[in-house]
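Here is how the chains run, residue by residue.
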Amino acid sequence: MSELVFSQAYDGRAYDPPMPVLDVGISKAGANTPSANVEAVVDTGADATLLPLDVLERVEALYVDRAYLKTITGQRQRVDLYLVTLHLGRLRIAGVRAVALPPRGPAILGRDVLNRLDIALRGPAGVTEVFA
């Protein structure tokens, strides 16, 4: 049976209807402890995880590549990718190639990370749960 390792209420202050979010620690690749924290939207429709550039710079994330991202409107946009480790409770998700967003933008957890987690969106309860 899976063990609940992290639980967080949906954000109903900034979003209507309330949005599933998770407080995520971020570190440069290979680090055991986070050096920054963000509230990230849980977005099952996003292919990739996106993090604000100012956070990536603060954790000294390694720049790894340039790529193209297809926006929701179908346009191609050139983006920079950085290698990070994410921390959710006691879980570490290593080797995440995060897309850099403009500074102070919203963080988004995409399927590249979500598909590596045992996660439950409890809509009626307004809670996101992560299991190990």
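Note: the structure precedes this text.
Okay, so let's go over this structure. Since the model is a prediction, treat every value here as computed from it, not as a measurement. (Residues numbered from 1 in each chain as written. Predicted model: local features only at pLDDT ≥ 70, side-chain atom pairs only at ≥ 80, totals over all residues. Heavy atoms only, no water.)

Quick word on the overall build of the protein chain
Under the convention used in this document: In this description a helix means any DSSP run of H or I spanning at least four residues, a strand means any run of E spanning at least two, and both kinds are numbered starting from the N terminus. In this setup the radius of gyration rests on C-alpha atoms only. A globule is expected at 2.2 Å times the number of residues raised to 0.38. Accessible area is worked out with a 1.4 Å probe on protein chains only. A residue is then buried under 20% of its type maximum, exposed over 50%, and partly exposed in between. Residues count as neighbours in contact if any of their non-hydrogen atoms are within 4.5 Å of one another. Using a 1.4 Å probe, the Shrake-Rupley method yields the accessible areas, and only the shown protein chains count as cover for residues.
A count of helices and strands for the protein chain gives two helices and ten strands. Along the protein chain, from the amino end to the carboxyl end, the secondary structure elements read β-β-β-β-α-β-β-β-β-α-β-β. Against the globule reference of 14 Å for 132 residues, the protein chain gives a C-alpha radius of gyration of 14 Å, in line with a compact fold. The dimensions of the protein chain, computed from C-alpha atoms along their principal axes, are 40 × 35 × 25 Å. Within the protein chain, the fraction of its 132 residues that count as buried is 42%. Partitioning the contacts of the protein chain with sequence separation of at least 6, the portion at a separation of at least 24 is 57%. With the model as given, the accessible surface of the protein chain reaches about 7500 Å², and the carbon-plus-sulfur share is 50%.

Some details on the environment of P20
Its place among the elements puts P20 in the loop between β1 (4-9) and β2 (21-28). Taking the C-alpha atoms as reference points, P20 and T128, separated by 108 residues in sequence, lie 6.1 Å from one another. Excluding its chain neighbours within four sequence positions, the residues that come into contact with P20 are Y10, A40, V41, V42, L121 and T128.

Notes on the sheet that holds β1
This is how it is decided: Should DSSP find at least two bridges between two strands, the strands are regarded as paired. Axis definition: a line fitted to C-alpha atoms, over the contacting stretch in the case of helices. Angles run 0 to 180 degrees between N-to-C directions.
Spatially, β1-β10-β9 is the arrangement adopted by the three strands of the open sheet, whose pairing is antiparallel. With one partner strand each, in any of the chains shown, β1 and β9 (118-122) form the two edges of the open sheet. Pairs of neighbouring strands in the sheet enclose a mean axial angle of 15°, with direction left out of account. Sheet analysis places β1 next to strand β10 (residues 127-131), joined by five bridges and oriented antiparallel. The partner of Q8 across the bridge, within β10, is T128.

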